[in-house]
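Here's the letter readout for the chains.
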Amino acid sequence: MDPMTQSAQISSSQGFADGQNSAAKDSKLSVKDLIHWRDPKKSGVVFGLSMLLLLSLAAFSVISVASYLLLALLCVTITFRIYKSVVQAVQKSNDGHPFKALMDKDVSIPPETFRKHVDASLAYINRALKQMSRLFLVEDLVDSLKLAVVMWLLTYVGAVFNGITILILADILLFAVPPIYEKNKTQIDQYIDLVRTQVNSTIAKLQEKLPGAVKRSKTE
């Protein structure tokens with residue numbers, strides 16, 4: 001085989017591999033892409049399914065929703081299995097089990113992957129425990145007071161909304177706010193900077209007046 005033929009084969013194989021990699025990347029949308037509506041069809045499906053699930057949980061119990069979902073899935077798979085069996089009997093074909101390709105897939109979780117996610121979760125848990133200890137043991141008086149104010153405001157939120165309602169509102173905001181912010185980023189950032197400046201100024205004045213308040217260094 002001459003060098004030109006080898007070079008052509010190598011370049012074609014590389015092009016095929018690059019095409020596969022790009023197709024794999026395009027087929028996988030991250031959460032950021034979904035909430036920014038990069039692919040409106042997929043984002044719409046995810047938003048619709050999440051809203052349907054939350055509205056179902058608002059009307060029925062968790063056990064009922066889970067049972068209905070699993071029952072609907074079983075009805076679909078059993079109906080398809082019976083349909084394929086009838087078709088194979090009529091056509092006298094031997095195609096085998098219709099879900100054989102899915103049944104042959106390995107659905108087990110590798111121990112390395114499990115340990116990796118456990119270690120990552122443990123790091124977040126330890127960080128949260130350290131932060132809670134710092135706030136509830138009043139290491140910084142201002143931070144503890146801010147937490148108290150937030151908890152006090154949440155008591156009013158809890159009196160008006162239940163948990164499912166808050167999740168529904170959060171789901172709507174999750175899919176509505178990112179595209180709005182993306183379109184009006186400059187104006188929103190200006191208002192955010194203005195609010196942040198006012199808040200920092202108020203906190204600085206409060207730290208000077210409160211006795212025993214731990215003043216933050218400029219590096220923080």
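Residues numbered from 1 in each chain as written. Predicted model: local features only at pLDDT ≥ 70, side-chain atom pairs only at ≥ 80, totals over all residues. Heavy atoms only, no water.

Student: Please explain the overall build of the protein as it appears in this structure.
Tutor: Across its full length, the protein carries nine helices and zero strands. Starting at the N terminus, the α and β elements of the protein follow one another as α-α-α-α-α-α-α-α-α. Considering the protein as a whole, with its 220 residues, one finds that 10% of them fall into the buried category. Restricting to contacts in the protein with at least 6 residues of sequence separation, those with at least 24 account for 49%. As presented, the protein carries roughly 18100 Å² of accessible surface, and 67% of it is formed by carbon and sulfur atoms. (Helix = DSSP H or I, 4+ residues; strand = E, 2+ residues; numbered from the N terminus. Buried < 20%, exposed > 50% of the residue type's maximum accessible area, 1.4 Å probe, protein only. Contact = heavy atoms within 4.5 Å. Areas by Shrake-Rupley, 256 points an atom, 1.4 Å probe, with all protein chains shown as cover.)

Student: What exactly am I supposed to notice about the environment of valine 142 here?
Tutor: Within the secondary structure, valine 142 is located in helix H7 (residues 141–160). In this structure valine 142 comes out as buried when scored by relative accessible area, which is 1%. Separated by 65 residues in sequence, valine 142 and glutamine 207 place their C-alpha atoms 6.9 Å apart.

Student: Honestly, the pattern of salt bridges in this entry has me stumped. Any pointers?
Tutor: Side chains bearing opposite charge may pair, as long as their charged atoms lie close to each other. Applying the stated criterion to the full structure yields seven salt bridges. One salt bridge connects aspartate 189 with lysine 185, and the closest N-O pair in it is separated by 3.1 Å. Of this pair, aspartate 189 and lysine 185 both sit in helix H9 (residues 185–209), four residues apart, roughly one helical turn. On the basis of relative accessible area, lysine 185 is assigned to the partly exposed category, the value being 43%. (Salt bridge = Lys/Arg side-chain N within 4 Å of Asp/Glu carboxyl O.)

Student: Honestly, the packing of helix H3 (residues 40–59) against helix H8 (residues 163–183) in this entry has me stumped. Any pointers?
Tutor: The description of two helices packed together rests on the angle between their axes and the distance between the axes. In the contact formed by H3 and H8, the axes pass within 9 Å of each other and the chain directions differ by 170°. The angle between H3 and H8 falls in the class roughly antiparallel. Along the contact surface, H3 presents Ser43, Val46, Phe47, Ser50, Met51, Leu54, Leu55, Leu57 and Ala58, while H8 presents Ile164, Leu167, Ile168, Asp171, Ile172 and Phe175. Here the residues of the contact of H3 with H8 sort into twelve nonpolar, two polar and one charged. (Axes fitted to C-alpha atoms, helices over the stretch in contact; angles between N-to-C directions. Parallel < 35°, antiparallel > 145°, perpendicular 65-115°, else oblique. Nonpolar A, V, L, I, M, F, W, Y, C, P; charged D, E, K, R; others polar.)

Student: For this particular structure, what's the right way to read the environment of arginine 134?
Tutor: By the secondary structure assignment, arginine 134 is in helix H6 (residues 111–136). Residue arginine 134 is classed as partly exposed on the basis of its relative accessible area of 22%. Residues arginine 134 and serine 144, spaced ten residues apart in sequence, show a C-alpha to C-alpha distance of 8.4 Å. In contact with arginine 134, other than residues within four places in its own chain, are Glu139, Asp140, Asp143 and Ser144.

Student: Before we go on, may I ask you to explain the confidence of the model for the protein in this structure?
Tutor: Reading fine detail from the predicted coordinates is not recommended where pLDDT is low. Confidence in the prediction of the protein, expressed as mean pLDDT, is 81, and 82% of residues score 70 or more. Averaged pLDDT values for the elements of the protein fall to 46 in helix H1 (residues 3–27) and rise to 92 in H6. Below a pLDDT of 50 lies the segment residues 213–220, which in the model reaches twelve contacts outside its immediate sequence neighbourhood of four places, other chains included. (pLDDT = per-residue confidence, 0-100.)

Student: Explain unusual backbone geometry here, please?
Tutor: Generally, phi is negative for residues other than glycine and the peptide bonds are trans, each holding for most cases. One non-glycine residue, lysine 92, lies in positive phi territory at about 55°. Position of lysine 92 relative to the elements: it lies in the loop between helix H4 (62–91) and helix H5 (100–103).

Student: Would you explain a nonpolar patch on the surface in this entry?
Tutor: Judged by side-chain polarity, Val150, Met151, Leu154, Val157, Val160, Phe161, Ile166, Leu169 and Ile172 come together as a nonpolar surface patch covering roughly 720 Å² of accessible area. Counting only elements with at least two residues in the nonpolar patch, the list comes to H7 and H8. Examining the composition of the nonpolar patch, we find that five residues originate from one element, H7, more than from any other. Summarising the element assignment, isoleucine 166 is placed in helix H8. (Patch = residues over 30% accessible without salt bridge, like charges linked within 9 Å, V, L, I, M, F, W, Y side chains within 5 Å.)

Student: What is the right way to read H3 from this model?
Tutor: Helical geometry: 3.6 residues make up each α-helical turn, so side chains three or four residues apart lie on a common side. The terminal C-alpha atoms of H3, which comprises 20 residues, lie 28 Å apart, in line with the 28 Å expected from a rise of 1.5 Å per residue. Within H3 the residues assigned to the buried category are Ser43, Ser50, Met51 and Leu54. Burial along H3 is one-sided: seen end-on, the buried residues are contained in an arc of 100°. Within H3, the exposed residues directed more than 90 degrees away from the buried face are Lys41, Leu49, Leu52 and Ala59. Contacts from the buried residues of H3 go to helix H2 (31–35) and H8. (Expected span 1.5 Å × (residues − 1). Arc of directions from axis to C-beta.)

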